[in-house]
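Overview (structure and organization)
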Amino acid sequence: MKDGSDGTATDAIEIVGLDKVYGQGAGAFRALTGIDLTIRSGEFFTLLGPSGCGKTTLLRVIAGFENPTEGSVRISGEEVAHLGPNKRQVNTVFQNYALFPHMTVAQNIGFGLRMLGRSRTEVAATTAEMLRLVRMEELAQRRPAELSGGQQQRVALARALAPHPRVLLLDEPLSALDLKLRKEMQGELKRLQAETGITFVFVTHDQEEALTMSDRIAVMSAGRILQRGTPHEIYHAPTERFVADFIGDTNFLTVPVVSVEAGAAQVELPGGRTAPARLPEGARPAPGAKVTVVIRPEQARLVPPGEGEMQGEVTSSVFFGTDTHVHARLTDGQDFVLRRQNAGELADPSPGDRIGLALGDGVLRVLKD
Amino acid sequence: MARRSFEVRRIPGFGAIAILTIVLLYVPILILVTFSFNAGRSQAEWEGFSLQWYRAAFANEQVQDVSIRSLWLAIAAAGIATVLATLAALGTTRVGRFRGQTLIYALVNQPLMVPEVVTGIALLIFVASIKVATGYMGMGYLVAAHTAFCIPFAYLPIRARLETLDLNLERAAADLYASPVQAFRHITLPLLVPGIAAGFMLGFVISLDTVVITEFVKSAGQDTLPTYMLGQLRRAVTPEMNAIASLFLALSLVVVTAFFLVSRRRGA
Ligand SMILES: Nc1ncnc2c1ncn2[C@@H]1O[C@H](COP(=O)(O)OP(=O)(O)OP(=O)(O)O)[C@@H](O)[C@H]1O
Ligand SMILES: [Mg+2]
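Only a predicted model underlies this, so the values are computations on that prediction, with no experimental measurement involved. (Residues numbered from 1 in each chain as written. Chains lettered and ligands numbered in written order. Predicted model: local features only at pLDDT ≥ 70, side-chain atom pairs only at ≥ 80, totals over all residues. Heavy atoms only, no water.)

Turning our eyes to something else, we now look at the overall build of chain B. Along chain B, the regular secondary structure elements total twelve helices and zero strands. Starting at the N terminus, the α and β elements of chain B follow one another as α-α-α-α-α-α-α-α-α-α-α-α. For the C-alpha atoms alone, the extent of chain B along its principal axes is close to 70 × 65 × 30 Å. The 268 residues of chain B split such that 40% are buried. Looking at chain B alone, contacts between residues at least 24 apart form 72% of all its contacts between residues at least 6 apart. Looking at chain B as shown, the accessible area adds up to about 15000 Å², and 70% of this sits on carbon and sulfur atoms. The centroid of the 21 positive side-chain charges in chain B is displaced by 9 Å from the centroid of its 14 negative side-chain charges. (Helix = DSSP H or I, 4+ residues; strand = E, 2+ residues; numbered from the N terminus. Buried < 20%, exposed > 50% of the residue type's maximum accessible area, 1.4 Å probe, protein only. Contact = heavy atoms within 4.5 Å. Areas by Shrake-Rupley, 256 points an atom, 1.4 Å probe, with all protein chains shown as cover. Lys, Arg positive; Asp, Glu negative; His and termini not counted. Charge placed at Lys NZ, Arg CZ, Asp CG, Glu CD.)

Below you can see the structure in the form of structure tokens.
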């Protein structure tokens, strides 16, 4: 448990070459493919991806409810393939909470410690501490059925935190809550993580939640991890079309490559101007090849016609209050959406208006094919 | 409230059929109970209220004898059947799908599908050969036969309850360091209690009630309450039988009511 001979003892979770296939023969379904993942100790790590991409499956493999078909899982440096869920220092907050209906809030929270054989006084003390941590002292004697969704959520959290696991797995813990409570619990979770110092592996399909809460994010699709990085990296430097599309709004432009230097390419924008675009690692497209570049809507500025890198004609404007989304058709017919901050009381452009689009420095990214 | 597109109440003749059914079901029982309080011997003419037939029934040593036998037979058979049915239910819901699962399901429920007379005759032949071979003539045969017959009735409510239990509860227990045995003891079993109690009570009522199987399997002097009553009725019909039947009915009602109350207590 503490040998750490390979120098990775500080990594909370280390997954190498993980495959998971459900079922056998004709009914077999490959839920995870070639997952390599390292989660550092003390990190708030998020698995982000659409429904059915394998997030829950990955959590279940880590928790020990499912055996990997291939590959290895290490928790704090220890290979856990042979360990049942009750032998892993990992606790789970289930998507539907899974509180024990026949026990009170306090009994639910103390369950893990009782199973670990801790003394009565220790169970009582830790339970009280957890109740305080999630602000549920008054409701300690209630049954789960007598709690609101948000309160059940807190109990589930407290129950999973009470044994002080090395890693806490949270499977879309906020998805059942309404927007306001959700925002509140997001803050609560961050606070709990900071106070306990426990590694959190958080699952969500909500990109905004992932961006605001995580130290690092892994974006999943169809059983694979497509990209991992800090929220900034994922947002500003997506390497795959899926990632760029899934997180935030994005413009995709197909453009020819003019020349290639180390790590960047000059591409020809619609209308003929050239601009530098950063290349993904290892990519070296040939001059003349068509590549896809991404630009976020807020990374282009509205300028008078004739100015800026690209020219276009407005097709529609949508007013959102804080900003206006301007939809335009570029000179070569590709569509582009631009987000303009409404710093003052500005008139929205009308359909048919000619506009110029100015791009910030170094905002263009080339995607992997 | 939204109107439903189909209402059974609108079928022509629904009311008449409903009333007829209720009359056929309950009027005979009502008459039986009524005449158990009759002061005279008649089953048709009311001669005043009296508890004499109840007194006679209670004083009748044979009745006491068969009642006690019926009760402990029902408790033993339902008890053993409930344990076995719980294991069967766990075995058919808590492991992954395996070959022969449907076959096992069919086997467990066999007594529901095979006519009771067939089971009875089969048991008669089987038990007779064991009696010859071993010389054992005790109650064991009846207990075994009743147990086998009660298993499906105990199995169904237990299985139904297990199927509604969230598997994540057991996962959560394991996640919180409970061994499989601890998870069963602290989570599965307590949540299964309503199903188990319902299964036991159903088995109890079924065993108390079954005539055919008992008739075929019992040795001399092993009458249960229903077979004793049948034997008596062949000779003479006295209101004493009405009294016994009424008491029997009361006991069944108590058990069925308890069954209802227990199975309604969900999730608690
Ligand atoms: N026990 C199982 N047997 C067979 N296939 C399964 C099983 N569990 C999940 N799957 C399949 O594996 C895939 C991934 O499922 P998983 O539950 O991990 O998705 P998810 O990313 O958690 O989705 P969601 O956001 O909807 O919870 C899905 O296509 C699902 O149908
Ligand atoms: Mg899921």
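It is worth spelling out unusual backbone geometry at this point. Residue and element names in this part refer to chain A. The phi dihedral of Y97 falls on the positive side, at around 75 degrees, and the residue is not glycine. Its place among the elements puts Y97 in the loop between β6 (90-93) and α2 (105-115). One non-glycine residue with positive phi stands out, namely E172, at about 40 degrees. When you line up the elements, E172 lands in the loop between β7 (167-171) and α5 (179-196). Residue E172 is classed as buried on the basis of its relative accessible area of 9%.

Moving on, we come to the side chain of A:K55. Mapping A:K55 onto the fold places it in helix α1 (residues 55-63). Setting aside residues up to four positions removed in sequence, A:K55 forms contacts with A:L47, A:L48, A:G49, A:P50, A:E172, A:V203, A:T204, A:H205 and A:M220.

This brings us to the UniProt feature "domain: ABC transporter" (unreviewed entry) in chain A. Sequence positions flagged by UniProt for "domain: ABC transporter" (unreviewed entry) are, in local numbering, residues 13-247 of chain A. Across residues 13-247 of chain A, helical content stands at 36% and strand content at 26%; the span's end C-alpha atoms are separated by 25 Å. (UniProt positions renumbered as here; feature names shortened; annotations may be inferred.)

In this section: the UniProt feature "transmembrane region" (unreviewed entry) in chain B. If you check UniProt for "transmembrane region" (unreviewed entry), the listed places come out as residues 12-37, 71-91, 103-130, 136-156, 187-208 and 243-262 of chain B in our numbering. As annotated, residues 71-91 of chain B comprises 100% helix and 0% strand, and the C-alpha atoms at either end are separated by 30 Å.

Here the focus is the site of ligand 1. All names here are of chain A. Around ligand 1, the structure places Y22, F29, A31, S51, G52, C53, G54, K55, T56, T57, Q95 and E172. Separating an oxygen atom of ligand 1 from a backbone N or O atom of C53 is a distance of 3.2 Å. Contacts to ligand 1 include G54, whose backbone N or O atom sits 3.0 Å from an oxygen atom. Out of a free accessible area of 630 Å², ligand 1 has 62% covered by protein chains. Taken together, the elements giving at least two residues each to the shell around ligand 1 come down to β2 (29-40) and α1. Broken down by class, the residue content of the shell around ligand 1 amounts to four nonpolar, six polar and two charged. (Near = heavy atom within 4 Å. Polar contact = N/O pair within 3.5 Å; in protein donor to acceptor, adjacent residues only side chain to side chain. Nonpolar A, V, L, I, M, F, W, Y, C, P; charged D, E, K, R; others polar.)

Across chain A, the average pLDDT comes to 89, with 98% of residues at or above 70. The low-confidence segment residues 1-9 of chain A, where pLDDT is below 50, has eight contacts with residues more than four positions distant or belonging to other chains. (pLDDT = per-residue confidence, 0-100.)

Another aspect to go through is the sheet that holds β7(A). Residue and element names in this part refer to chain A. A sheet is described by the order of its strands in space; here six strands give the open sequence β6-β7-β8-β3-β9-β10, paired in mixed fashion. The outermost strands of the open sheet, each flanked by one partner alone, are β6 and β10 (224-229). On average, adjacent strands in this sheet sit at an angle of 20 degrees to one another, irrespective of strand direction. Bridge analysis of strand β9 (residues 216-221) against β10 gives five bridges, and the strand direction is antiparallel. Opposite I217, over in β10, you have G229 as the bridge partner. (Pairing = 2+ DSSP bridges. Axes fitted to C-alpha atoms, helices over the stretch in contact; angles between N-to-C directions.)

Moving on, we come to the packing of helix α3 (residues 61-93) of chain B against helix α11 (residues 225-235) of chain B. All names here are of chain B. One way to put it is that α3 packs onto α11 with a least axis distance of 8 Å and a crossing angle of 145 degrees. Residues Q62, V63, V66, S67 and S70 of α3 form the contact with α11, whose participating residues are L225, P226 and Y228. Here the residues of the contact of α3 with α11 sort into five nonpolar, three polar and no charged.

Here the focus is the pairing of strand β16 (residues 310-319) of chain A. Residue and element names in this part refer to chain A. Of the strand pairs in this sheet, β16 and strand β19 (residues 354-359) are connected by four bridges, and their pairing is antiparallel. Across the sheet, the residue bridging to E313 is R354, located in β19. Relative to strand β17 (residues 323-330), β16 runs antiparallel, the two being bridged by seven bridges. Looking at the pairing, S317 lines up with V326 of β17. Joining the antiparallel neighbours β16 and β17 is a turn of three residues, in which G321 adopts a positive phi near 90 degrees.

Attention shifts here to the interface of chain B and chain A. Contact residues are listed per partner, giving 20 residues for chain B and 25 residues for chain A. Taken over both partners, the interface formed by chain B and chain A buries close to 1900 Å², and the fraction arising from carbon and sulfur atoms is 65%. Of all residues in chain B, B:D175, B:L176 and B:Y177 give up the largest surface area on contact with chain A, accounting jointly for 41% of the area buried on that side. Counting across the chain B and chain A interface gives six residue pairs in polar contact (both at pLDDT 80 or more). The greatest single-element share of the side of chain B that touches chain A, amounting to seven residues, is contributed by helix α8 (residues 167-175) of chain B. (Buried area = accessible area lost by both parts, 1.4 Å probe.)

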